[in-house]
Amino acid sequence: MNIGEASRRSGLPAKTIRYYEDIGLISPDRCENGYRDYGSDDVHKLRFLHRSRSLGFSVDECRQLLALYEDKSRASADVKEIATSKLTEIDRKIRELTELRRTLEHLVHACHGNDRPDCPILEELSEG
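- An unreviewed UniProt entry lists the protein under the name Cu(I)-responsive transcriptional regulator, with Rhizobium paranaense as the source organism.
- According to the UniProt record, the Subcellular location (unreviewed entry) comment for the protein reads "Cytoplasm".

Below you can see the structure in the form of C-alpha cells.
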C-alpha cells in the first residue's frame, strides 16, 4: 500500500511516517518504481509507535520498545523497566507542573487586575 493508505490505517501523518523511516524505525519495501510499499507489518509497527508516542515515550524509548516487541525471547522485566522509568518521569513532571500552577495561581490572586500600574506578576517575573 502507498504512504497515504498507511497513514490512514495507522493514524499518523505521512510526514511522520517518512521521519520514522529516515531514522530507521520502519523500513518498508520499495516497488520497482522506487515508491514505498507498506505492508500490514509496517502498519502494525506504525500503530505501535503511534500508541507509544501518545503515552509519552520518546523516540529512543519507542525504538527500545519496538525492539523488545520484535524479540520473542525478551524478558518482560526489560519492558517494565522502560515503562516504570517513564512513569517516574511523568510523576516528576506532574509535581513540577503542580508547583508551577500553585505559584502562578498565587500571583494571579495577588494581582488586582485594575487600572493601576503596579502588578505583582510583573514584579515576580522581573525579580525571578
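Once the structure has been displayed, the description carries forward.
**Let's talk about the domain arrangement of the protein**
Next up, step 1: By the assigned domains, the protein splits into domain 1 (1-74) and domain 2 (76-128).
Next up, step 2: When each unit is reduced to the centre of its C-alpha atoms, the spacing between domain 1 and domain 2 is 34 Å.
Next up, step 3: Each partner contributes to the interface: domain 1 provides nine residues, whereas domain 2 provides eight residues.
Next up, step 4: Together, the buried faces of domain 1 and domain 2 total about 640 Å²; carbon and sulfur atoms form 71% of this surface.
Next up, step 5: Scanning the region where domain 1 abuts domain 2 turns up one salt bridge.
Next up, step 6: Measuring nitrogen to oxygen at the nearest pair gives 3.0 Å for the salt bridge that ties Glu61 to Lys86.
Next up, step 7: Here domain 1 and domain 2 share two residue pairs in polar contact (both at pLDDT 80 or more) between them.

Analysis parameters
- Residues numbered from 1 in each chain as written.
- Predicted model: local features only at pLDDT ≥ 70, side-chain atom pairs only at ≥ 80, totals over all residues.
- Heavy atoms only, no water.
- UniProt positions renumbered as here; feature names shortened; annotations may be inferred.
- Domains from an automatic or database assignment.
- Contact = heavy atoms within 4.5 Å.
- Buried area = accessible area lost by both parts, 1.4 Å probe.
- Salt bridge = Lys/Arg side-chain N within 4 Å of Asp/Glu carboxyl O.
- Polar contact = N/O pair within 3.5 Å; in protein donor to acceptor, adjacent residues only side chain to side chain.

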